[in-house]
Amino acid sequence: MTLLALETSCDETSAAIVRAGKVLANVVSSQITLHAEYGGVVPELAAREHLKNLLPVAQSALREAGVSAAQLDAVAATQGPGLGIALLVGFKAAQSVAFALNKPFIGINHHEAHLYSPWIQSISPSPLQGERAGVRGSSVVGLTDANTPSSKPSDPSPSIPLPSEGRGKPALAADFSKFQPNVSLIVSGGHTLLVLVESELNHRVLGGTIDDAAGECFDKTGKLMGLTYPAGPVIDQLAEQGNPKAFDFPRPLLHDANDDFSFSGLKTSVRYFIRDHPELLADRKQICDLCASVQAAIIEVLVKKTIRAAKRAGVRCVTASGGVTCNRALRAELERACQKNGLALRLADKSLCTDNAAMIGILAERKLRANVPLPALDEEIKPGWALA
Ligand code: KG4
Ligand code: ZN
């Protein structure tokens, strides 16, 4: 099955071509610089940018994959949650392509796709296959897929060389052969979620943020420090040179028994601290200390609550995805805590932490293979589609 997936839920325009669990192409056009000027995502601008970029992005994905539109067997798009007018662009375009080609269409929940992005990994090249395929030094290793639903035979497509091979791009494929029940942390600019994934396509939300998301907390506290949007990556950099114990900020809901998060109190605490100590912002070392201390508070809550939820649920695996999962200290702390607690950890590849169509395509293919009921072709977007 060769599938085209589109993602336009927020400020990334992305198209991917997926075949038999392999990502043949994943093209992402980010709008970060456009929105940076406004200190956040402006929905109207995002939609206009998606309209401008979607066609070239999709064409580029098809070209990179070496696939023509006529070779597509199915089409997928993010249906929600997300910004309504941004979602509309990719969703309606995908429905139109499916209609024109008379192929199945499936709408995907963006957060559900995040649950599976940690299972998409770079594939190590096999020199032998590379030579056979005529691509020097690299090729795609076929996957063993223990979890492919048995009702349908696995895709007979042969192991084909990815078009990106030999051009310096890592090849990506979903490896569900090692899949095990897990607690999944999704942390982005808009969401903080803990989800119990009991088996493939079977999950239950354990908790979420009751106010600001973790990424929002990075961005808003960074703004208070005068950092550019989005501040998360900047804080990540500056924190490396700072002392995480320099200032003591609250760890909201850390000791509450539930799996929920709250970050607005932490943001307010930073706001008052800076109001009372404005001189700190004149000193680079103090800004680094501030970044390290705020980051430590956010990470401690995320990591401790994730580990606790995993232990309580009795799973032996933790996964994490979403833009904030790019954070190096969060990745390191999750590694350390999982190791200490005997838990396996799967972090989304850094290229797939932020929004991308590859994860939409991989989940769509799993669903189509599992014969999930398909929606009507004129279904609408679901901007507030909460994961259950
Ligand atoms: O998943 P994403 O690209 O978009 C959505 O919000 O859906 O996540 C963006 C968020 C922003 O809040 C950004 O500041 C944060 O992820 N982020 C980071 C890092 N890279 C991105 N936060 C902390 N450290 C990072 N390295
Ligand atoms: Zn996302």
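To be clear, the structure that these remarks concern was listed above.
A quick note: this is a predicted structure, and the numbers were derived from the prediction, not measured. The written sequence of each chain sets the order in which its residues are numbered from 1. Lettering for chains starts from A, numbering for ligands starts from 1, and both go in the order in which the items are written. With pLDDT at 70 or above as the cut-off, local features in this predicted model cover only qualifying residues; side-chain atom pairs require 80 or more to be listed or tallied, and sums for whole chains, interfaces and linings still use all residues. Only hydrogens and water are set aside; all other atoms, that is, all heavy atoms of the structure, feed into the side-chain values.

Describing the overall build of the chain
For step 1, the next point in the chain: Secondary structure counts use DSSP, requiring at least four H or I residues in a row for a helix and at least two E residues in a row for a strand, with both numbered from the N terminus. Each helix and strand in the chain was counted, giving twelve helices and twelve strands.
For step 2, the next point in the chain: For the chain, buried positions account for 53% of its 388 residues.
For step 3, the next point in the chain: Working note: accessible area of the chain is about 16300 Å², and carbon and sulfur atoms make up 54% of it. Note on exposure labels: buried denotes an accessible area under 20% of the residue type's maximum, exposed denotes more than 50%, and partly exposed covers the range between, all computed with a 1.4 Å probe on protein chains only. We get accessible surface area from the Shrake-Rupley algorithm with a probe of 1.4 Å; when it comes to residues, only the shown protein chains can shield them.

Thoughts on the coordination of the zinc ion (ligand 2)
For step 1, the next point in the chain: Taken together, the protein donors to the zinc ion (ligand 2) comprise His 110 (NE2), His 114 (NE2) and Asp 355 (OD), at separations of 2.1 Å.
For step 2, the next point in the chain: A donor here means an N, O or S atom no more than 2.8 Å from the metal, or no more than 3.2 Å when the metal is Na, K or Ca. Since water is not included, a site may seem to lack partners. The sequence pattern describing where the donors of the zinc ion (ligand 2) fall on their chain is H-x3-H-x240-D. Pair noted here: His 110 is in helix H4 (residues 110–116) and Asp 355 is in the loop between helix H11 (350–353) and helix H12 (357–369), with a separation of 245 residues, a long-range link. Of the two residues, His 110 and Asp 355, neither departs from the other in class, the shared state being buried.

Some points on the packing of aromatic side chains
For step 1, the next point in the chain: Only Phe, Tyr and Trp rings take part, Trp by its six-membered ring, and two of them pair if their centres are within 6.5 Å. Stacked means planes under 30 degrees apart, edge-to-face means over 60, and tilted covers everything else. Under the definition given, this model contains seven aromatic pairs.
For step 2, the next point in the chain: Measuring from ring centre to ring centre gives 5.4 Å for Phe 249 and Phe 273, while their planes differ by 85°; the resulting arrangement is edge-to-face. One end of the pair, Phe 249, is in the loop between helix H7 (231–239) and helix H8 (264–276); the other, Phe 273, is in helix H8, and 24 residues separate them in sequence.
For step 3, the next point in the chain: Classification of Phe 249 by relative accessible area gives buried; the value is 4%.

A look at the sheet that holds strand S4 (residues 74–80)
Across a sheet, strands are paired by hydrogen bonds formed along the backbone, either parallel or antiparallel in direction.
For step 1, the next point in the chain: A pair of strands is considered paired only if DSSP assigns at least 2 bridges between the two. Taken together, the seven strands give an open sheet; going across it, the order is S5-S4-S1-S2-S3-S7-S6, and neighbouring strands pair in mixed fashion. Unpaired on one side and paired on the other, strand S5 (105–109) and strand S6 (120–122) mark the two borders of the sheet. In this sheet, adjacent strand axes meet at a mean angle of 30° when their direction is disregarded.
For step 2, the next point in the chain: Two elements, S4 and S5, share five bridges in a ladder whose sense is parallel. Following the sheet pairing, Gly 80 is matched in S5 by Asn 109.
For step 3, the next point in the chain: Along the sheet face, helix H2 (residues 43–65) touches strand S1 (2–7), strand S2 (12–19) and strand S3 (22–30) and points at about 25° away from the line of S2.
For step 4, the next point in the chain: Any pair of residues with heavy atoms lying within 4.5 Å of one another is described as a contacting pair. Under this scheme, a helix contributes an axis fitted over its contacting stretch, all axes are lines through C-alpha atoms, and angles between N-to-C directions fall in the 0 to 180 degree range. Along the sheet face, H12 touches S1, S2, S3, S4, S5, S6 and strand S7 (172–174) and points at about 135° away from the line of S1.

Considerations on the packing of helix H6 (residues 214–224) against H8
For step 1, the next point in the chain: Look at H6 against H8: their axes get within 10 Å of each other, and the N-to-C directions meet at 10°. As summarised for this structure, H6 and H8 are arranged roughly parallel, according to the angle between their axes. Contacts between H6 and H8 involve Cys 217, Lys 220, Thr 221 and Leu 224 on the former and, on the latter, Leu 266, Lys 267, Val 270, Arg 271 and Ile 274.
For step 2, the next point in the chain: Note that Gly is not counted as nonpolar here; it falls among the polar residues with everything else outside the nonpolar set of Ala, Val, Leu, Ile, Met, Phe, Trp, Tyr, Cys and Pro and the charged set of Asp, Glu, Lys and Arg. Counted by class, the contact of H6 with H8 contains five nonpolar, one polar and three charged residues. Relative orientations are named as follows: roughly parallel for angles under 35 degrees, roughly antiparallel for angles over 145 degrees, roughly perpendicular for angles from 65 to 115 degrees, and oblique for any other angle.

Some thoughts on the pairing of strand S11 (residues 317–321)
As a general feature of sheets, a regular strand has side chains that alternate between the two faces.
For step 1, the next point in the chain: Taking burial as the measure, the five residues of S11 include five buried ones, the bulk of the element.
For step 2, the next point in the chain: Here strand S8 (residues 182–187) runs beside S11; their pairing, made up of four bridges, is parallel. Each residue of the ladder has a partner; that of Val 183, found in S11, is Val 318.
For step 3, the next point in the chain: Pairing of S11 with strand S12 (residues 344–347), which is carried by four bridges, proceeds in the parallel orientation. Note on S12: the bridge partner recorded for Ala 320 is Leu 347.
For step 4, the next point in the chain: Consider the strands pointing away from the viewer: the crossover is right-handed when the path from the first strand over the helix to the second runs clockwise. Tracing the backbone out of S11, into helix H10 (residues 328–340) and back to the parallel element S12 gives a crossover that is right-handed.

Quick notes on the site of ligand 1
For step 1, the next point in the chain: One heavy atom within 4 Å of a molecule or strand makes the whole residue count as near it. Lining the immediate surroundings of ligand 1 are 16 residues, of which Gly 189, Asp 219, Asp 236, Gly 323 and Asn 327 lie closest.
For step 2, the next point in the chain: A 3.5 Å cut-off defines polar contacts: any pair of N or O atoms within that distance qualifies, except that in protein one atom must be a possible hydrogen donor and the other a possible acceptor, and neighbouring residues in sequence count only when both atoms are side-chain atoms. At 3.2 Å from an oxygen atom of ligand 1 is found a main-chain nitrogen or oxygen belonging to Gly 232.
For step 3, the next point in the chain: Considering ligand 1 on its own, with 550 Å² of exposed area, one finds that the protein chains cover 88% of that surface.
For step 4, the next point in the chain: Contributions of two or more residues to the shell around ligand 1 are made by H6 and H7.
For step 5, the next point in the chain: Considered class by class, the residues forming the shell around ligand 1 number five nonpolar, eight polar and three charged.

Observations concerning the sheet that holds S12
For step 1, the next point in the chain: Taken in spatial order, the five strands of this open sheet run S10-S9-S8-S11-S12, and their pairing is mixed. At either end of the open sheet lies a strand with only one pairing partner, and these are strand S10 (202–208) and S12. Averaged over neighbouring strand pairs, the angle between their axes works out to 20° when direction is ignored.
For step 2, the next point in the chain: Packing of H10 onto the sheet brings it into contact with S8, S11 and S12, and relative to S12 it is tilted by some 160°.

As for the packing of H7 against helix H9 (residues 284–313)
Think of two packed helices as two axes; the pair is described by the angle between the axes and how far apart they sit.
For step 1, the next point in the chain: Between H7 and H9, the shortest axis-to-axis distance is 8 Å and the interhelical angle comes to 110°. Classified by the angle between their axes, H7 and H9 sit roughly perpendicular to one another. Along this stretch, H7 crosses H9, giving a crossing that reads as left-handed. When H7 is examined against H9, the residues Ile 235, Asp 236, Leu 238 and Ala 239 are found in contact with a partner set consisting of Arg 284, Ile 287, Cys 288, Cys 291, Ala 292 and Gln 295.
For step 2, the next point in the chain: Per-class residue counts for the contact of H7 with H9 are seven nonpolar, one polar and two charged. Take the far helix as the reference: if the near one is turned anticlockwise from it by less than a right angle, the crossing is left-handed, and if turned clockwise, right-handed.

Focus on the pairing of S4
For step 1, the next point in the chain: Counting buried residues in S4 gives seven out of seven residues, a clear majority hidden from the surface.
For step 2, the next point in the chain: Sheet analysis places S1 next to S4, joined by four bridges and oriented parallel. If you follow Leu 6 over to S4, its bridge partner there is Ala 77.
For step 3, the next point in the chain: Each parallel crossover has a hand, and the one from S4 via helix H3 (residues 84–101) to S5 is right-handed.

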